[in-house]
Every structure is written in structure tokens, then in C-alpha cells.
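Structural description and commentary
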Amino acid sequence: MDELASPHHPRMFSLQKIVEISYYNMNRIRLQWSRIWHVIGDHFNKVGCNPNEDVAIFAVDSLRQLSMKFLEKGELANFRFQKDFLRPFEHIMKKNRSPTIRDMVIRCIAQMVNSQAGNIRSGWKNIFAVFHQAASDHDGNIVELAFQTTAHIVTNIFQQHFPAAIDSFQDAVKCLSEFACNVAFPDTSMEAIRLIRYCAKYVSERPQVLREYTSDDMNVAPGDRVWVRGWFPILFELSCIINRCKLDVRTRGLTVMFEIMKSYGHTFEKHWWQDLFRIVFRIFDNMKLPEQQTEKSEWMTTTCNHALYAICDVFTQFYEALNEILLPDILAQLHWCVKQDNEQLARSGTNCLENLVILNGQKFSPEVWGQTCNCMLEIFKTTIPHVLLTWRPAGMEEDSAEKHLKLFAGLLIKCVVQLELIQTIDNIVFYPATSKKEDAEHMAAAQRDALDADIHIDTEDQGMYKYMSSHHLFKLLDCLQESHSFSKAFNSNYEQRTVLWRAGFKGKSKPNLLKQETSSLACCLRILFRMYVDENRRDSWDAIQQRLLSVCSEALAYFITVNSESHREAWTNLLLLLLTKTLKISDEKVRTGWKSCLVCILVCIKSGKVNANTHYMRTCRKTSGSSLLLFKLSNTVELNHFFKCIFFLLCRFVFPLYCKV
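About the criteria used
- Residues numbered from 1 in each chain as written.
- Predicted model: local features only at pLDDT ≥ 70, side-chain atom pairs only at ≥ 80, totals over all residues.
- Heavy atoms only, no water.
- Phe/Tyr/Trp six-rings, centres within 6.5 Å; stacked < 30°, edge-to-face > 60°.
- Helix = DSSP H or I, 4+ residues; strand = E, 2+ residues; numbered from the N terminus.
- Buried < 20%, exposed > 50% of the residue type's maximum accessible area, 1.4 Å probe, protein only.
- 1 Å grid on protein atoms, 1.4 Å probe; cavity = no way out; pocket = protein on both sides within 12 Å on 5 of 7 lines; lining within 4 Å.
- Points joined across faces, edges and corners; volume = space filled by probe spheres on them.
- Nonpolar A, V, L, I, M, F, W, Y, C, P; charged D, E, K, R; others polar.
- Salt bridge = Lys/Arg side-chain N within 4 Å of Asp/Glu carboxyl O.

- By the naming in an unreviewed UniProt entry, the protein chain is ADP ribosylation factor guanine nucleotide exchange factor 2, taken from Athene cunicularia.

Thoughts on the packing of aromatic side chains
- Under the criterion given, the structure shown has 34 aromatic pairs.
- Pairing F158 with F162 gives two aromatic rings, centres 6.0 Å apart and planes at 75°, and the pair type is edge-to-face. Of this pair, F158 and F162 both sit in helix 8 (residues 140–165), four residues apart, which is roughly one turn of the helix. Each of the two residues, F158 as well as F162, counts as buried.
- Seen in terms of ring centroids, F559 and W571 are 5.4 Å apart; in terms of plane orientation they differ by 35°. Their pairing is tilted.

Some points on the layout of surface pockets
- A volume near 570 Å³ is recorded for the largest pocket.
- Mapped by element, the contributors of at least two residues to the lining of the largest pocket are helix 19 (398–430), helix 20 (434–448), helix 23 (514–532), helix 25 (565–570) and helix 26 (572–583).
- With seven residues, helix 23 is the single largest residue contributor to the lining of the largest pocket.
- Of the residues in the lining of the largest pocket, the class split is nine nonpolar, six polar and eight charged.

Here we look at the pattern of salt bridges
- What the rule picks out here adds up to 21 salt bridges.
- Of the charged contacts in the structure, one is a salt bridge between R64 and D61, with a shortest N-O distance of 3.0 Å. Note that R64 and D61 are positioned in helix 3 (residues 53–71) at a spacing of three residues, about one turn of the helix.
- Under the relative-accessibility criterion, R64 is labelled buried at 18%.
- Its salt-bridge partner being D275, residue R278 comes within 2.6 Å of it at the nearest N-O pair. Placement of the pair is R278 and D275 together in helix 14 (residues 270–280), with a separation of three residues, close to one helical turn.
- Since its relative accessible area comes to 27%, D275 is described here as partly exposed.
- What you see here is one network of salt bridges that share partners, running through E343, R347 and E420.

What follows is the structure, encoded as C-alpha cells:
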């Protein structure tokens, strides 16, 4: 080392002699040679990092020649001499920052791979370690050359010599992951992810090779070696790419990760899935989210959102294998997403919950339905914006104003989530768009002035209604009624709405929750009326009738108190629904328990909340033992239909009762 210390004229005589000694002693038995190389290799580590590039170049070139000679001899199974011999390249690449030397190291390794690939065994670890160091470099030439060689190994050499490289398969995938995470070369990143996807093909096509490999995996069951040596490294490194990279790269990594699950998941054991989803759920780990609010928002809106839908797709595809072990975790993850102060992620959480139930509900056991309904109930409770009823401005300071805006944004998201959840329940029970079609049919019937129009929706049997017990439906009704009660209380509190409006909550007009109030009640009525005429639920009819009458009476009693014209108009479809559904109930049922509800309808008319100018009555006739009054009303079609329904009910059920008295 003293000879090499001169900065201007280093002498390399001794170094050259060491190279010659190494060359001529290479034929010794491996144990002897290993002890010799332990000393010489350490010397090459130091010389290869010499600040004088001429010295370092000589050392690296000498290492190349010795390595080529050493690799020609091959390596027996369960030996690691190649790994020890090639370690100086790894050390030099790690410690020497000279672009010239680093480029030379890469070229030396590339030459070994191209000429001695068939003889390399344990040396693959050093090769991938060198390329791993190169992958994070900022020099385009170094990265490009290293990646080209890595791609050649993965696509060609693994194809021919995969059993010999199994011990280094994890290192290869980790190396590709590092290439993918180099932000300076996005094209290389995308290609690296493609090669990771290609590695999955080797694991799928050659599982037996992985099972039979016994080196460091002696304590791993043969059946799990495919997971530990093959699938887990691939999926873990893809998760690292997702957590480390920018949007376009992590999106591609996320897509490939779930493509692998969907393509090869049928070969996974149940406990593999548990390990896998521990990795997947790291994407949502709040502690790992970026600190900056804008980055956190982007992460939630893009990556978390994408992952959520993909998780539900995988769960649906492998429902039989996953429902017992992962459903609680997935429901908890959906709940977490809905609670976040990010509208897009919250909406996605409810949409994924809806898709999950609609696509798999036919296979749900009563226990699974119980878990799902409990999850919905919990989500409803945690997203009701109770603060809207009690909030008061604290002060006019700037910090206070910013807090108000942040609070209002969170409350607005909760209001959105409540609407989404109501629609989710409606879609789950009756199938998406069924209720909208039914409302359209009711309105069309009103415009045709037809009382007894046969409303029939083709998709009415496609929902999950028939797969749910009355107990589960009652839980959903609890959600809807709680949401309705809250929105009703808020809409009736004019003073509080004014306070919020003046503070800047929700636009230029006074805030209201009319849509939440009407849609929650409408969904509640649809479920109850459907249950009330369902012969399969005859055992629960008493409880259903009691609840239905209570809901209808409370709704009509509340409607009587509404003074705002816009508020009353918001109830148009709701009243059409209530009256139309009531008309379809059998005479016997109505006579046994509907007096109070019909009286409420009569009070509604008398109060003037629903009115029209009746010009005259045309005729009266008996129909099915009931009195039907036909009359002509004003040109207001909806009110015309309201009145015709109401008079029909009165003449059919109420008047006969009084006549008997």
C-alpha cells in the first residue's frame, strides 16, 4: 500500500505480483484458496477505492481477469466461494464514487455475465448487489448499462439457468425494484416493473424447483418455499415501489401487483393471503403518508383510491378463499377510508362496500351479513355530522377562521358520505337504479292520472333483499332512521342553519339536508313496504307493521309542520311513494291497523299542506267491495294524483268504517 500512496507516481509492481500469485494459486483446494483470498480480497477492496484512477483501474481490470479464470471452474452445490471471490466488486461499487471506476465495474460484471453465465452460482448475489448500487446512480450511462445487463439476465439467462439462480432470485427482484425507484429515469422505471411482472411467470411455471431448493430454507415447509422464495419477494418489492415512487410509477406498480394476484391467486394458500394483505394494507398506513397536506391528499385520491377498488376486485374473485380470513380486515379498511377527510376516498369507500356486497351477497352466510350490516351501522354513526347542530363561532382571528374552514370541509364530506351510504343501502337491497326507475314510474302514473297503474321494475329481484333476514334489514333501517332523524332535526333548526350560513358553510344559501331527509325516508319506506307484503316474512309482519305505521305517521306528522314551499316540493316523490305503496296493501291489512296513518293523511289535507281546487265530483261506483270516487281536479298533475290517491284511500277504508258506526 505504501507503493501506491504516491499521488503522482504510484508503483504497481507489488500489486502486479499479487495478481500473479493469485492466478497461480487458484488451483489449490477451495478451503485453502478461500483463506488466501480472504487476505488478497481485502487488499483489492482498498486498492480498488484508491483516489488515483490509474491504480483503481488496474485493480478492477486485474479483478476481472482473475474472476473470469475463477468462474471457468464452476461451483459445486452448497458452496459459496464465488460469492467470496466477487465481493471486492461489490465493495468498490459501494465505496468508490468515481464515474469512470463505477462504469468499469459494471462493464466487467456485464462481461462475466455474457461469457460465464452457465458457471455462475452463488456469484449471482454479488452481481445483483453491484447492479443494485448502480440502479440508484444519477449517471445515465451507468444506469442504462446496468439495467440492460439485468434485463438480459431476467429474460434470457433465468430462462436457461433458473435453478442455479434461485438463491439470488430475491436479489434480482430487489435490484429491479431499485431501478423502478430511480426518479431520474422514468422509462427505466416502467421497464423494471414489467420485468418484475415477468419474474412472476418463472415462479408460476416452475414451483417445483422452488419447493426442492434447500439452502437457507431448511426451517421452511416445502409447500411454503414457493411463497417465501418466489411470490413474497415479488409482491413485497412492488409494495415498496408503491410507497416510494411518484404517481405514474407507483400507479403502474399497483396495477402490476394486483394483476399478479388476479392471475396467480388461485395457487395461493390461505395463510399466504394473510401475509400478502398485511403488505397491501401498508398502502393505507396513515403513519407512512406524506407529511405535506397536498401530497397526502393526492396519495389518498389516487393511490389509496385505486388500491381500494383493486382489493375489492381480488376479494370478489377469490371470495371462497378470502371471506373467512380477510373480510373483517377489509370492512375495517373500508370504514377507515370513509372516515378520512378526503371526499373522493370517502365516496370510493362507500362504492366499494356496495360493489363488495352486490357481487358477493348471494354467497354471504348469516354471520357475514351480520358483520356487513354492523359495519354499515358503525359507518353511519361515525359519519353523522353532529357538530352541525351545536357549532358556534369562537372568534374572528385568522387562525380561528382557518380552523372553521377546515372543520366545515370535514363536515361537508360527512354530509356527502351520509348521502352516499343511503344510496348504497338502496342499491344493495334493491339493485342500482331500481328506485329511480320506480320513482319515474310513479311520476308517469301521476301524469297519466292512473291510480291503479301496475308498477313493475325488471330489476326488483336482482338486489340482495331476498338474501337478507328481517333482522339484518332492521339493522339497515336503524341506519336510515337515524340519518333521517338527524337531517330532520337540522332542517328544522332555522337558527342554527343561519349561524352556519353566516359563517360561510355550504355556499350562498342557507345550508340544508333535504336530500338526506327525503332519500333516507324513501329508502326506509321501500324496505318496509317490501317486507310488509313479503309472504316469506309472515312471521315478522307484526313487527314490520308496527314499524311501518310508526314511520309513516311520524313522517306525515312532520310534513304537516313544514312551512317552506321548497321543503314541501322536496317531498313530492316521497309522498307519491307513500300513497302508491299504501294503495297496494290488501284491504284486510289496512283495516286492522292503518286507522292512525289514514287519519294523518286526512290531517295533511285539512292542514292545506297538500291542496288543489276540486271543481266537482263526477260519479261514484263500487270496486272490489270498496268505494272509489272519480272526480276531476285542477291541471296540477302531481297534486291531482295526490288527491285521487287520498280520496281513494278515504273512500276505500275510512268512510266504510264510519258508515258501520
